[in-house]
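Residues per chain, in single letters:
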Amino acid sequence: MHVLQQCITSFIASAAFGIIFNCPKNALVKCGLVGMMGWLMYILLVAFNVNVVLANLLAAFFIAVIGQSFARMYKMPMIIFSVAGIIPLVPGGMAYDAMRHFVQNDYSSAVQLSAKVFLLSGAIAVGLILSEVSNQMYRKLRSLKQGA
Amino acid sequence: MKEQSQRINEIIDVCLLAGDIMLKSGAETYRVEDTMTRIAAAFDDRASQCFVMPTGIIFSIDGTDPTKLIRVSERSTDLQKVADVNHVSRKISSGELSLKEAYLQLKAIEKAELTYSIWQRILSASIASGCFLIMFKGGWFDFLPACVAGGLGFAGLVYFHRLIQLKFFAEFLASLIIGVLAVGLTHFGLGHEMDKIIIGSVMPLVPGLLITNAIRDLMAGHLVSGLSKGAEAFLTAFAIGMGIAFAFAL
């Protein structure tokens, strides 16, 4: 029940972000799907006690892989599919928490939270890059094999 | 000779127009550079050089006369335009479009309005806020308050951004609205967890795309773009935090 609820809300939230970012109309449902799958992966990994940073990295990697295959299938730029999918992972809530602790003069927890925000957004970016690099490597290897 | 330099001029104009639209619509730096080089390669054999920053583009074709520069002062996210320009650039690469046709099509894309009306966007921002509240383990009781706060906050952002050219200040005022609403709603017993409501409804304003794009640009070697996008993201996050903090202080 809990998982179903998370699925539905993450689907709607990602599709709604598609509208805010003015995605093409025929891509909205796919945006929602990418977001839902990424978020599902993330909450499952966290539920199995995987480190949050690693879970973020893997989920971002997963989103980028789906985004790339959608991009190839529908001949649209990948950013359309990955942007809305990435949004739920972004540690906006934690960034807000950090800011709030700063305002309340609780600097030590604020700095801790900020470091965590930095790590998490770094993990998301690394996940994205990783999928791109592996995609490039795969293509290079394949063209090398065909050339040989 | 003169005819040729006329043609070079037109090629550069098409490339710059495509780059300008993409950069303003929030495409990644590498995609802007890639698209411009591809368009140039389709019309001319010589190699081209382009330098893209979030605030401007410099473009020239090797061994020819004009090098042009355009200034980009405002960026937003409009993925429809990114997709459209991408489509045109594909057609140019496959030789389906002449220089003139490409220019006209790009001009049409530049002028196009947003696909969704302002009400649709505000409505989706408010629904997204409610959904984020649930995703961040909030209770259904707070769903409506988060929708209200998120929707009004986003509406405020759009409205103030029209009034004030300074993006930073519009974001500050928008998050101030969210903060005041969240504090007020919980104070009058219409919402339970103020933190969750604020986190959910702030999400449409959070520069998540900018943060990840910034780090991505940095890693890909686009150092200038990465740093300046990072600075922009930091400013936005700071504005949001300040707005919320202000609301607490009131």
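Rules of the game
Numbering of residues starts from 1 in each chain and follows the order in which that chain's sequence is written. Chains and ligands are labelled sequentially in the order written, the chains with letters from A and the ligands with numbers from 1. Whole-chain, interface and lining totals are the exception, using all residues; otherwise, since this is a predicted model, local features are given only for residues with pLDDT of at least 70 and side-chain atom pairs are given and counted only at 80 or more. Side-chain numbers here rest on the full set of heavy atoms in the structure, without hydrogens or water. Comment: axis = line fitted to C-alpha atoms, over the contacting stretch for helices; angle = value between 0 and 180 degrees taken between N-to-C directions. By the criteria applied, helices consist of DSSP H or I runs no shorter than four residues and strands consist of E runs no shorter than two, each listed in order from the N terminus. By the definition adopted for this analysis, an angle is roughly parallel if under 35 degrees, roughly antiparallel if over 145, roughly perpendicular if from 65 to 115, and oblique otherwise. Crossing handedness is defined as follows: a turn of the near helix away from the far one that is anticlockwise and smaller than a right angle gives a left-handed crossing, while the clockwise case is right-handed. Residue contacts are counted whenever heavy atoms from the two residues lie within 4.5 Å of one another. Residue burial is assigned from relative accessible area. The probe radius is 1.4 Å, only protein chains are included, and a residue is buried under 20% of its type maximum, exposed over 50%, and partly exposed in between. Paired strands, as defined in this entry, are two strands with at least two bridges between them according to DSSP. Values of pLDDT, which run from 0 to 100, indicate the predictor's confidence residue by residue. UniProt positions are given in the numbering used here, feature names are shortened, and annotations may be inferred rather than shown by experiment.

## Concerning the packing of helix 7 (residues 167-187) of chain B against helix 8 (residues 194-202) of chain B
All names here are of chain B.
Phase 1: Orientation of helix 7 relative to helix 8, taken along the N-to-C sense of each, is 150°, at an axis distance of 9 Å. Between helix 7 and helix 8, the interaxial angle falls into the category roughly antiparallel. In this structure, helix 7 crosses over helix 8, and the sense of that crossing is right-handed. Of helix 8, the residues touching helix 7 (which contributes I178, A182, V183 and T186) are M194, I197, I198, S201 and V202.

## Let's talk about the pairing of strand 2 (residues 56-61) of chain B
Residues and elements named next belong to chain B.
Phase 1: Counting buried residues in strand 2 gives 5 out of 6 residues, a clear majority hidden from the surface.
Phase 2: In this sheet, strand 2 lies alongside strand 1 (residues 48-53) in antiparallel orientation, the contact comprising 6 bridges. Pairing of F51 across the sheet is with I58, part of strand 2.
Phase 3: Between strand 1 and strand 2, which pair antiparallel and follow one another directly, the connecting turn spans 2 residues.
Phase 4: Sheet topology places strand 2 next to strand 3 (residues 67-71); 5 bridges connect them, and they run antiparallel. Each residue of the ladder has a partner; that of I58, found in strand 3, is L69.
Phase 5: Remark: 5 residues form the turn of the hairpin made by strand 2 and strand 3, two consecutive strands paired antiparallel; G63 in that turn has positive phi of roughly 75°.

## Remarks on the confidence of the model for chain A
Detailed reading of predicted coordinates is not advised where the pLDDT is low.
Phase 1: With 99% of its residues at a pLDDT of 70 or more, chain A shows a mean pLDDT of 87.
Phase 2: Model confidence for chain A, summarised as mean pLDDT per element, is weakest for helix 5 (residues 92-103) of chain A at 79 and strongest for helix 2 (residues 28-47) of chain A at 91.

## Let's talk about the UniProt feature "domain: Threonine/Serine exporter ThrE" (unreviewed entry) in chain A
Phase 1: When the UniProt feature table is mapped onto this chain, "domain: Threonine/Serine exporter ThrE" (unreviewed entry) is found at residues 6-133 of chain A.
Phase 2: The straight-line gap between the two end C-alpha atoms of residues 6-133 of chain A is 31 Å; of that span, 82% is helix and 0% is strand.

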